[in-house]
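Chain by chain, the residues run as shown.
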Amino acid sequence: MRAVVVTEPGGPEVLAWQEVPDPVAAAGEVLVAVTATGVNRADLLQRQGHYEPPLGASPYPGLECSGRVAALGDGVEGWSVGDEVCALLSGGGYAEQVAVPAGQLLPVPDSVDLVTAAALPEVACTVWSNVFMLAGLRPGETLLVHGGSSGVGTMAIQLGRVLGARVAVTAGSAAKLERCRELGAEILVNYREQDFVEQVLAATGGRGADVVLDNMGAKYLGRNLEALATNGRLAVIGMQGGTRAELDLGLLMRKRGAVLSTSLRARPGAEKAAIVASTREHVWPLVAAGEVRPVVDRVLPMAQAAEAHRVVEAGEHVGKVLLTT
Ligand SMILES: NC(=O)c1ccc[n+]([C@@H]2O[C@H](COP(=O)([O-])OP(=O)(O)OC[C@H]3O[C@@H](n4cnc5c(N)ncnc54)[C@H](OP(=O)(O)O)[C@@H]3O)[C@@H](O)[C@H]2O)c1
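The following paragraphs examine the structure supplied in this document. Here the structure is a predicted model, which means the values were calculated and not measured. (Residues numbered from 1 in each chain as written. Predicted model: local features only at pLDDT ≥ 70, side-chain atom pairs only at ≥ 80, totals over all residues. Heavy atoms only, no water.)

1. As for the overall build of the chain
Logical step 1: A tally of helices and strands in the chain yields ten helices and 15 strands.
Logical step 2: Over its C-alpha atoms the chain spans a radius of gyration of 19 Å, differing by no more than 12% from the 20 Å that the globule rule assigns to 325 residues.
Logical step 3: Principal-axis analysis of the C-alpha atoms places the extent of the chain at approximately 55 × 40 × 35 Å.
Logical step 4: Buried residues in the chain amount to 53% of all 325 residues.
Logical step 5: By sequence separation, contacts in the chain at least 24 residues apart represent 66% of the contacts at least 6 residues apart.
Logical step 6: Carbon and sulfur atoms make up 51% of the accessible area of the chain, which amounts to about 13,400 Å² in all.
Logical step 7: The average position of the 27 basic charges and that of the 35 acidic charges among the side chains of the chain differ by 7 Å. (Helix = DSSP H or I, 4+ residues; strand = E, 2+ residues; numbered from the N terminus. Rg over C-alpha atoms; globule rule 2.2 N^0.38 Å. Buried < 20%, exposed > 50% of the residue type's maximum accessible area, 1.4 Å probe, protein only. Contact = heavy atoms within 4.5 Å. Areas by Shrake-Rupley, 256 points an atom, 1.4 Å probe, with all protein chains shown as cover. Lys, Arg positive; Asp, Glu negative; His and termini not counted. Charge placed at Lys NZ, Arg CZ, Asp CG, Glu CD.)

The structure is reproduced here in structure tokens:
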């Protein structure tokens, strides 16, 4: 088969679409003939040599895919050859085939075509597991989503709104904020021109955000805490603004707040399967009903993976960039 290989750590030009050995479905795994894969920020880090795949994972980038079941490993039940699926991966989505534990497969929701389905697993599982399973966002609460027009952000806005929360976002341009508004965000903050703490406090009568979904890490830690409501929960899922910062524990305690942080890729299979099952139960019906839609910026062939990385690195996209076989 062919896969996108990181020939050496570096810029987008190090990605090469080339022949590699076929994967084999081990016991409990399913071999998927890949139709499309989503580009995630973690793929850029892997390409640069900053994010080694977990032990046993495929060496090729790609944390999600859509496609058809091509073969079943021993002991797999509930799936058949030819089924249209999408999947949360530990790697290997940028390829013609990938072997994936059966617990990480999802059906393609009604109302979504097979290519577009590749935009769903990573963002849906990330948002559902962090904002709802972990931070416990409830109807009537305020959710602040940093990077509202990102792949993760576009899903967080829609799920937050549909499940009864008021959604605030940060983004770097008026055009991106407008897309966030169309998806259901009510409080719009241009992080290049405005202070999100002031804006969120002003829009909530001084109360703040009950849940913050943060991609920036260190750079926003102090201000996220200031923007947090009493009993608020800050979920840190990215470190685009660094890893080390001071935390005012006095303020955290006064607010009876919580700082949470998770990563999806390195989790054991059983934890991933539990997140996938919960996402399927709670998010898939909303997608099937068209209440939550995958947001796809553009679709490129796998051979143009370098161009896809350039687009995401430059922040030219809203939602997801997909690659097709
Ligand atoms: N922990 C996990 O399990 C997990 C899983 C998936 C993703 N993630 C993380 O979630 C984040 C989003 O992932 P993605 O693939 O959806 O990314 P993406 O589409 O590449 O988006 C990155 C986002 O960062 C925003 N951003 C840049 N500087 C900012 C700032 N100063 N303030 C606020 N936002 C800023 C960009 O906003 P503009 O374009 O408006 O500038 C853009 O929306 C990444 O940090 C990724 O690593 C974590």
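2. A closer look at unusual backbone geometry
Logical step 1: The backbone of N231 sits at a positive phi, close to 65°, despite the residue not being glycine.
Logical step 2: Tracing the backbone through its elements, the reader meets N231 in strand β12 (residues 228–236).
Logical step 3: Relative accessible area serves as the criterion here: at 42%, N231 is assigned to the partly exposed category.
Logical step 4: Although it is not a glycine, R256 sits at a positive phi angle of roughly 50°.
Logical step 5: Within the secondary structure layout, R256 lies in the loop between α7 (249–254) and β13 (258–261).

3. Overview of the environment of A266
Logical step 1: Its place among the elements puts A266 in the loop between β13 and α8 (269–282).
Logical step 2: You can call A266 exposed: its relative accessible area is 59%.
Logical step 3: Note: C-alpha distance between A266 and P53 (213 residues apart in sequence) is 8.3 Å.

4. Regarding the site of the ligand
Logical step 1: Neighbouring residues of the ligand: 26 residues in total, closest G172, K176, Y191, Y220 and Q240.
Logical step 2: At 2.7 Å, a side-chain N or O of R41 approaches an oxygen atom of the ligand.
Logical step 3: Between an oxygen atom of the ligand and a main-chain N or O atom of S150, the distance comes to 3.4 Å.
Logical step 4: For the shell around the ligand, the elements supplying multiple residues, two or more each, are α2 (121–134), α3 (151–162) and β9 (166–171). (Near = heavy atom within 4 Å. Polar contact = N/O pair within 3.5 Å; in protein donor to acceptor, adjacent residues only side chain to side chain.)

5. Side note on the pattern of salt bridges
Logical step 1: Inspection of the entire model under this criterion finds 15 salt bridges.
Logical step 2: E141 is paired through a salt bridge with R233; the nearest N and O atoms lie 2.8 Å apart. Taken as a pair, E141 in the loop between α2 and β8 (142–145) and R233 in strand β12 lie far apart in primary sequence, 92 residues in all. Here the two residues E141 and R233 agree in accessibility, since each one is buried.
Logical step 3: Among the salt bridges present, the one from E186 reaches R166, with a minimum N-O distance of 3.2 Å. With a gap of 20 residues between them, E186 in the loop between α4 (174–183) and β10 (187–190) and R166 in strand β9 connect regions that are remote in the sequence.
Logical step 4: Each of the salt bridges in this network shares a partner with another, and the network as a whole consists of R138, E141 and R233. (Salt bridge = Lys/Arg side-chain N within 4 Å of Asp/Glu carboxyl O.)

6. Remarks on the nonpolar core
Logical step 1: Counting 44 residues, the largest nonpolar core has V131, M155, L159 and V169 as the members making the most contacts within it.
Logical step 2: With seven residues, the top contributor of residues to this core is α2.
Logical step 3: With 27 residues, the next largest nonpolar core counts V4, V32, M302 and V312 among its residues. (Core = buried A, V, L, I, M, F, W, Y, C linked by side-chain atoms within 4.5 Å.)

7. Remarks on the packing of α2 against α3
A pair of packed helices is captured by two measures, namely the crossing angle of their axes and the spacing between those axes.
Logical step 1: Viewed as axis vectors pointing N to C, α2 and α3 meet at an angle of 55°, and their least axial separation amounts to 9 Å. One finds that α2 runs oblique with respect to α3. Remark: the crossing between α2 and α3 carries right-handed chirality. Residues V123, A124, T126, V127 and F132 of α2 pack against G151, V152, M155, A156, L159 and G160 of α3.
Logical step 2: In the contact of α2 with α3, the residues fall into eight nonpolar, three polar and no charged. (Axes fitted to C-alpha atoms, helices over the stretch in contact; angles between N-to-C directions. Parallel < 35°, antiparallel > 145°, perpendicular 65-115°, else oblique. Left-handed = near helix turned anticlockwise from the far one by under 90°. Nonpolar A, V, L, I, M, F, W, Y, C, P; charged D, E, K, R; others polar.)

These results come straight from atomic positions and should not be treated as a statement about function.
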